[in-house]
Each structure stands twice: as C-alpha cells, then as structure tokens.
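Structural description and commentary
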Amino acid sequence: LVGDARAQVLEIVVMPGLNNSAKALMPFVALGVGGLVPFVALSREGQRLLPHEVWLAPLRELMGRPSLNATELQVTYGAAILAFLGGPHWGFAIRGRLTTLQLLWGVTPPLIAWPAASTPAPASLDLLSFGLGASLLVDAAFSLVKLVPWQYLLLRSPLTIVAAWALQSNKQKDHSARWSLREILQ
C-alpha cells in the first residue's frame, strides 16, 4: 500500500509522462538546482538584486566578523561543494570495479578546496572555478570508461557551468560591467 501511494504521488507531483528512469532522476535534479541557490544568490548579479545587507548584518554580528561579505560566503560554500564532489567517486568505486585512480581522485577535490577557502578573492574564485571544471572533466573521463554513470555527468554539467559563472561573476569590481550566463553560453 505504501509503495502504491508513493507511485501515485510521484505520478502527480513529478511530471506526468516521464518514464521511470527520468522520474528516478528528479530528486537529484531538484537537489542539484537547490544547491545552486547559494551560488547564484551570492553572485555579483544576486548581490545586486537581493537585499544582502539585511541578512549579512546579523550574520556579521553572530560571527563577530564585521567585514564579512557575500563573496567570502560564496567562496566558503564553493569550497564545501567542491570538497563534496570527491565523495561520489568512493561510492562509485565501492559499488562497481574498485579502482585506485577513483579513490585517489576522491580525495583530490577537498585538497583543492581546502586552500581555496583560505585564499582571498579573486584567486579563491579562480581556484574554485578550476576545481569545479577539473572535477567535471575527470567525471567525463570516468564516464567514458563506464566508471561513472552517464546520468551523473548529465546532471553535473549544467550545475558546474552555473556555479563557475557565479564564482567568476564576483571577480568584477564594476557592477556596470556585468556579463550574463547567456553571454557565456553563446
């Protein structure tokens, strides 16, 4: 009965007409897009559109950091996300053919993220963007030899592009010299 109710909820909530494998990916897509919210909200464009001072002031007070800014928060979040990207490789390796290369790569993103978290912008933004891009390239290589499911790569690609755009947007000092995600993709 519980399984039937779950299937009915999925049919109503998750886009009707999708096949079962597409429906199975929906939670991953939703969580991935949700993970982009801090990147985009803390991007240069997000800082321009959202009232950051309203929520930064109490956070500064709470943390005892009067100079805390949105870019520092974005770098910290970016470092956490980059560090996370090594973890799935351990899971893939344990679940399938165990490869030393995957286990080694599994610890590499945290080793890139760690110094980035302590490096001032703009170098931290570049290091995190590099780490996200390198991680995507490694995922693509592992996908080609069937060590990573192609669906993982399909999900990671747009997420990485948006996250790197958001990080790079904070390198601009002049708000009038903005560029958009659409311009990058063209």
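Just so it is clear, the structure is predicted and the values come from calculations on it, not from any experiment.

Scoring rules and cut-offs
Residues numbered from 1 in each chain as written. Predicted model: local features only at pLDDT ≥ 70, side-chain atom pairs only at ≥ 80, totals over all residues. Heavy atoms only, no water. Helix = DSSP H or I, 4+ residues; strand = E, 2+ residues; numbered from the N terminus. Buried < 20%, exposed > 50% of the residue type's maximum accessible area, 1.4 Å probe, protein only. Contact = heavy atoms within 4.5 Å. Axes fitted to C-alpha atoms, helices over the stretch in contact; angles between N-to-C directions. Parallel < 35°, antiparallel > 145°, perpendicular 65-115°, else oblique. Left-handed = near helix turned anticlockwise from the far one by under 90°. Nonpolar A, V, L, I, M, F, W, Y, C, P; charged D, E, K, R; others polar. Patch = residues over 30% accessible without salt bridge, like charges linked within 9 Å, V, L, I, M, F, W, Y side chains within 5 Å. Areas by Shrake-Rupley, 256 points an atom, 1.4 Å probe, with all protein chains shown as cover. Salt bridge = Lys/Arg side-chain N within 4 Å of Asp/Glu carboxyl O. Arc of directions from axis to C-beta. Expected span 1.5 Å × (residues − 1). pLDDT = per-residue confidence, 0-100.

Let us look at the overall build of the protein chain. Check the secondary structure of the protein chain and you find 10 helices and zero strands. Listing the helices and strands of the protein chain from first to last along the sequence gives α-α-α-α-α-α-α-α-α-α. Of all 186 residues assigned to the protein chain, the portion counted as buried reaches 34%.

Bringing unusual backbone geometry into the picture now. The omega torsion of the bond from Ala 121 to Pro 122 falls at 10°, within 30 degrees of zero and hence cis. Inspection of the secondary structure assignment puts Pro 122 in the loop between helix 7 (100-118) and helix 8 (123-144). Unusually for a residue other than glycine, Lys 146 sits at a positive phi of about 65°. By secondary structure assignment, the location of Lys 146 is in the loop between helix 8 and helix 9 (150-169). With a relative accessible area of 71%, Lys 146 lands in the exposed category.

Mapping Gln 102 onto the fold places it in helix 7. Sequence-distant contacts of Gln 102, that is, excluding residues within four places in its chain, are made with His 89, Phe 92, Ala 93, Arg 97, Phe 142, Leu 147 and Val 148.

Remark: helix 5 (residues 70-84) packs on helix 7, axes separated minimally by 8 Å, with the N-to-C direction vectors making an angle of 170°. By the criterion of interaxial angle, the relationship of helix 5 to helix 7 is roughly antiparallel. The two elements helix 5 and helix 7 meet at a crossing, and its hand is left-handed. In contact with Val 75, Ala 79, Leu 82 and Ala 83 of helix 5, helix 7 contributes Pro 109, Pro 110, Ile 112, Ala 113, Ala 116 and Ala 117. Looking at the contact of helix 5 with helix 7, its residues break down into 10 nonpolar, no polar and no charged.

A few words on a nonpolar patch on the surface. Together, Trp 90, Ile 94, Leu 98, Val 107, Leu 111 and Trp 114 make up an exposed nonpolar region whose accessible area comes to about 710 Å². Of all the secondary-structure elements, those providing two or more residues to the nonpolar patch are helix 6 (87-95) and helix 7. Broken down by element, the residue count for the nonpolar patch peaks at three residues, all from helix 7. Structurally, Leu 111 can be placed in helix 7.

This brings us to helix 6. An α-helical segment advances 3.6 residues per turn. Residues three or four places apart therefore align on the same side. Listed as buried for helix 6 are Pro 88, His 89, Phe 92 and Ala 93. Taken end-on, helix 6 shows its buried residues confined to a sector of 140°, consistent with a single buried face. Of the residues in helix 6, the exposed ones pointing more than 90 degrees away from the buried face are Ile 94 and Arg 95. Packing partners of the buried residues in helix 6 comprise helix 5, helix 7, helix 8 and helix 9.

Before going further, it helps to examine helix 7. With 19 residues, helix 7 should cover 27 Å at 1.5 Å per step; its first-to-last C-alpha distance of 29 Å lies within 8% of that length. Three or more residues of helix 7 are buried, namely Gln 102, Trp 105, Gly 106, Pro 109, Ile 112, Ala 113 and Ala 116.

We now examine the confidence of the model for the protein chain. Per-residue confidence for the protein chain gives a mean pLDDT of 82, with 81% of residues at or over 70. Model confidence for the protein chain, summarised as mean pLDDT per element, is weakest for helix 1 (residues 2-13) at 50 and strongest for helix 8 at 96. Contacts from residues 12-18, a stretch scored under 50 in pLDDT, to residues over four places away or in other chains number nine contacts. Across residues 174-179, confidence stays below pLDDT 50; counting only partners more than four residues off in sequence or on other chains, it has 12 contacts.

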